[in-house]
Amino acid sequence: MPSETAKRHEVINFARKFDLLAEQWAPRVVAELNDYQFKVVRIEGDFVWHDHPETDEAFIVIEGELRIDFRDGVVRVAAGEMFVVPKGVEHKPFAEREVRLLLIEPRGILNTGHAGGERTAQNDVWV
């Protein structure tokens, strides 16, 4: 985690942060606001069905097009757009080609919710 002084004076460049990501589906924290974390992640392909019973989850697409599947429909989110998945709603992100996202969610939330599995990323890792 950056020092308090560094956090106060550091401009966050998303392109540079994305370039530091070695693997897909591994969100990394770039900033915190109160108890919320801003996480960058690169994704491609299918994720797992999951929900977050305790919180909403915000997806902001920086590059590419994200599809979020729901049990009762689909939402497509293009670069420059955002979508908030309400807490407790089961969803499954998908990207036909690589998508670069900014996620906003409370500290400590696992990317797979309580579903677990091989796509569960280590939590609270800074880049």
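Since we're looking at a predicted model, the values are computed, not measured. Along each chain, residues carry numbers from 1 onward, in the same order as the chain's sequence is written. Per-residue local features of the predicted model are confined to residues with pLDDT of at least 70, and side-chain atom pairs are confined, for both listing and counting, to 80 or more; whole-chain, interface and lining totals are unaffected and use all residues. Remark: hydrogens and water are excluded; side-chain values derive from all non-hydrogen atoms of the structure.

A short note on unusual backbone geometry
We count it as follows: What counts as a helix is a DSSP run of H or I of at least four residues, what counts as a strand is a run of E of at least two, and both are numbered from the N terminus. Each residue's exposure class comes from its accessible area (1.4 Å probe, protein chains only) as a fraction of the maximum for that residue type: buried when under 20%, exposed when over 50%, partly exposed otherwise.
Phi is positive for W25, close to 60°, though the residue is something other than glycine. Note that W25 resides in the loop between helix 2 (14-19) and strand 1 (28-33). W25 gets classed as buried once you look at its relative accessible area, which sits at 8%. Located in the positive-phi region is D124, a residue other than glycine, with phi close to 60°. Here D124 is to be found in the segment after strand 7 (91-106). On the basis of relative accessible area, D124 is assigned to the partly exposed category, the value being 34%.

Here's the deal with the environment of R28
Residue position: R28 is located in strand 1. Here R28 falls in the buried class, since its relative accessible area comes to 17%. Placed 78 residues apart in sequence, R28 and P106 show a C-alpha to C-alpha distance of 13 Å.

Side note on the pairing of strand 4 (residues 65-70)
Heads up, the condition is: By definition, two strands form a pair when at least two bridges between them are found by DSSP.
Bridging between strand 4 and strand 5 (residues 73-78) involves six bridges; their strand directions are antiparallel. Among the inter-strand pairings, L66 is bridged to a residue of strand 5, identified as V77. Hairpin geometry of strand 4 and strand 5 is characterised by an intervening segment of two residues between the two adjacent antiparallel strands. In the sheet, strand 4 pairs with strand 7 via four bridges, with the strands oriented antiparallel. Residue pairing for strand 7: R67 is matched across the bridge by F94.

A look at the environment of R107
Definition in use: Residues count as neighbours in contact if any of their non-hydrogen atoms are within 4.5 Å of one another. For the purposes of these results, a polar contact is taken to be a pair of N or O atoms within 3.5 Å, where, inside protein, one atom must be able to donate a hydrogen and its partner to accept one; residues adjacent in sequence count only when each atom of the pair is a side-chain atom.
Counting through the fold element by element, R107 comes out in the segment after strand 7. R107 gets classed as partly exposed once you look at its relative accessible area, which sits at 38%. Taking C-alpha positions, R107 is 26 Å from A78, a pair spaced 29 residues apart along the chain. Residues in contact with R107, not counting those within four places in the same chain, are E32, N34, D35, Y36, Q37 and D124. Engagement of the side chain of R107 in a polar contact is seen with the backbone oxygen of N34, the distance being 3.2 Å.

With respect to the pattern of salt bridges
Quick note on the threshold: By definition here, a salt bridge exists when the distance from a side-chain nitrogen of Lys or Arg to a carboxyl oxygen of Asp or Glu is within 4 Å.
Applying the stated criterion across every chain, the model contains twelve salt bridges. Put simply, E98 and R42 hold a salt bridge, and the shortest N to O gap is 3.0 Å. Separated by 56 residues along the polypeptide, E98 in strand 7 and R42 in strand 2 (residues 36-46) bring together distant segments of the chain. The exposure class of E98 is partly exposed, given its relative accessible area of 28%. In this structure, D46 engages K92 in a salt bridge whose closest nitrogen and oxygen atoms are separated by 2.8 Å. Of this pair, D46 sits in strand 2 while K92 is found in strand 7, placing the two residues 46 residues apart along the sequence. Taking relative accessible area as the criterion, K92 reaches 9% and is therefore assigned buried. Overlapping salt bridges, with partners in common, bring together D19, R42, E98 and R100 in one network.

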